[in-house]
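Each chain, letter by letter, is given below.
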Amino acid sequence: MVMTHGDDKGLVLPPKVAPIQVIVIPVPFKDADTTGIKGACESAVYTLNQAGIRADLDARENYSPGWKYSQWEMKGVPLRIEIGPKDLANKQVRIVRRDNGTKVDIPSTDLVEQVRVLLDGFQANLLETAKAKRDACIVIISTWDEFIAALNDKKLILAPWCDEEEVEKDVKARTKGELGAAKTLCTPFDQPDLPSGTVCFASGKPAQKWSFWGRSY
């Protein structure tokens, strides 16, 4: 999860497993109604928690809002709510997504509904992005030369295999190097079509199934 979704800022946690799904941060400018802002933040946290959304308030006064933004981004909290003087006056909150940085201002009365929509969208976006990254790393091969080329490119290789232990041992021996030997990683439940006459990429024997191969880095 950390390696798949994380970025240069730190963690990016899927909402379903994030300990804190929403962090609320007051943004009091000079001469602002700090009491009113803090009250609005506390109200937002209470409303979200009552709706079953895991929300928390960062009311620390010894750190600037910008410092808090960076810290909670590093921790991977999916949504950040900012409430400042303008938001207080307009009876709204600003919500910032951790995955893509999108900012949106929503009325306080729509808080729970909109947060749920954003969390669902966040979860779906992480899944689709991860799938796209994974699929971009998969190469389908049918010959040994294609296998070696894909292996050197550090790809996840889907290959027809005769499903014999001795053949896998031979592949490990032939690919052993500084980066480690190639091996079977898993067999997909959803098997691609295996036309009659398809042979194993490594042995030339009749292929029994498709399996994923690669190095464990």
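Going by the annotation in an unreviewed UniProt entry, the name recorded for the chain is proline--tRNA ligase, with Aegilops tauschii subsp. strangulata given as the source organism.

Caption draft 1: Here's a closer look at the packing of helix 6 (residues 144–152) against helix 7 (residues 165–175). At a minimum axis separation of 13 Å, helix 6 and helix 7 run at an interaxial angle of 55 degrees. Considering the angle they form, helix 6 stands oblique to helix 7. As helix 6 packs across helix 7, the resulting crossing turns out to be right-handed. For the pair formed by helix 6 and helix 7, the contact residues are Trp144, Phe147, Ile148 and Leu151 on the first element and Val171, Arg174 and Thr175 on the second. Class assignment of the residues belonging to the contact of helix 6 with helix 7 gives a composition of five nonpolar, one polar and one charged.

Caption draft 2: Representation of unusual backbone geometry within the structure. Of note in this structure, Lys91 is not a glycine but carries a positive phi near 55 degrees. Residue position: Lys91 is located in the loop between helix 4 (85–90) and strand 4 (92–97). With relative accessibility at 65%, the residue Lys91 sits in the exposed group. A positive phi angle is found at Lys154, which is not glycine, with a value near 60 degrees. Locating Lys154 in the fold gives a position in the loop between helix 6 and strand 7 (156–161). By relative accessible area, Lys154 is classed as exposed at 52%.

What counts and what doesn't
Residues numbered from 1 in each chain as written. Predicted model: local features only at pLDDT ≥ 70, side-chain atom pairs only at ≥ 80, totals over all residues. Heavy atoms only, no water. Axes fitted to C-alpha atoms, helices over the stretch in contact; angles between N-to-C directions. Helix = DSSP H or I, 4+ residues; strand = E, 2+ residues; numbered from the N terminus. Parallel < 35°, antiparallel > 145°, perpendicular 65-115°, else oblique. Left-handed = near helix turned anticlockwise from the far one by under 90°. Contact = heavy atoms within 4.5 Å. Nonpolar A, V, L, I, M, F, W, Y, C, P; charged D, E, K, R; others polar. Buried < 20%, exposed > 50% of the residue type's maximum accessible area, 1.4 Å probe, protein only.

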